[in-house]
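Tertiary structure, described
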Amino acid sequence: MTRPGAGLNGGPGTGAEDGPRQLPRGGLLLPVTVNLALGVPATIPLYCAWWLMSEYLPMDCRTTEDMARPGLTDCNHHTLDHAFPVMVLLAVTGLLMLLLILVVDVLRPLGRGDRLRTWLGTALLIPVPFAALMVLA
């Protein structure tokens, strides 16, 4: 027995009026793998940021002229020499990584119809390779 109005040609009541149902794509394997792989080049800006926070910021001096002032004990000439190139490297690689993460974790899933929540949630795994290298060092 058929329901009233349920025709064979896709009429009302057949469920064909909504078009084919698409299930959300995905699983966690691809987003986890991609974001862990993004973490490998992300070690460069993360290491630069770590170096600046652990070596440059705790110093008492910021220029070579400050080294001649009495009472400053935590001044390192090599750290002062390397600070500017590290800052530039951090800015350039950090911007490139942010653009790469935007493309991979936001624009690509939106374009393919993947769940954005899954991709952004697994983006938290990007620092894992850096943390692993810091533990091993």
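Please refer to the structure placed before this passage.
Predicted model only: the values in this text are computed from it and were never measured.

Thresholds applied
- Residues numbered from 1 in each chain as written.
- Predicted model: local features only at pLDDT ≥ 70, side-chain atom pairs only at ≥ 80, totals over all residues.
- Heavy atoms only, no water.
- Helix = DSSP H or I, 4+ residues; strand = E, 2+ residues; numbered from the N terminus.
- Buried < 20%, exposed > 50% of the residue type's maximum accessible area, 1.4 Å probe, protein only.
- Contact = heavy atoms within 4.5 Å.
- Areas by Shrake-Rupley, 256 points an atom, 1.4 Å probe, with all protein chains shown as cover.
- Salt bridge = Lys/Arg side-chain N within 4 Å of Asp/Glu carboxyl O.
- Arc of directions from axis to C-beta.
- Phe/Tyr/Trp six-rings, centres within 6.5 Å; stacked < 30°, edge-to-face > 60°.

Some details on the overall build of the protein
The secondary structure content of the protein amounts to five helices and zero strands. Walking the protein from its N terminus toward its C terminus, one meets helices and strands in the order α-α-α-α-α. Looking at the protein as a whole, 24% of its 137 residues qualify as buried. Here the contacts in the protein between residues at least 6 apart in sequence split such that 59% fall between residues at least 24 apart. Element-wise, carbon and sulfur atoms account for 69% of the exposed surface of the protein, whose accessible area totals about 9700 Å².

Notes on the pattern of salt bridges
Opposite charge on two side chains lets them pair, provided their charged atoms get close. If you walk through the whole model with that rule in mind, you get one salt bridge. In this structure, the salt-bridge partner of Arg 112 is Asp 114, at a minimum N-O distance of 3.9 Å. Judged by relative accessible area, Arg 112 falls into the partly exposed class, the value being 34%. Overall, Asp 114 belongs to the buried group, its relative accessible area being 12%.

With respect to helix 1 (residues 29-39)
For the α-helix, the turn length of 3.6 residues means that residues three or four positions removed from each other point alike. Among the residues of helix 1, those classed as buried are Pro 31, Asn 35, Leu 38 and Gly 39. Around the axis of helix 1, the buried residues are gathered within 105° of arc, so they sit on the same side.

Digging into the side chain of Thr 79
By the element assignment, Thr 79 lies in helix 3 (residues 77-112). Beyond its immediate stretch of four places on either side in the chain, Thr 79 contacts Trp 51, Glu 55, Tyr 56 and Met 59.

Regarding the packing of aromatic side chains
Evaluated as defined, the whole model comprises one aromatic pair. Here Tyr 47 and Trp 50 contribute two aromatic rings whose centre-to-centre distance is 5.4 Å and whose plane-to-plane angle is 35°, an arrangement assigned as tilted. Placement of the pair is Tyr 47 and Trp 50 together in helix 2 (residues 43-56), with a separation of three residues, close to one helical turn. Accessibility expressed as a relative area gives 34% for Trp 50, which makes it partly exposed.

Let's talk about the environment of Phe 84
With respect to the secondary-structure elements, Phe 84 resides in helix 3. Phe 84 sits in the exposed class, given a relative accessible area of 60%. Taking the C-alpha atoms as reference points, Phe 84 and Leu 52, separated by 32 residues in sequence, lie 9.9 Å from one another.

Some words on the side chain of Thr 118
When you line up the elements, Thr 118 lands in helix 4 (residues 116-122). Judged by its relative accessible area of 19%, Thr 118 falls in the buried class. The residues contacting Thr 118, other than those within four sequence positions of it, are Gly 27, Leu 28 and Pro 31.

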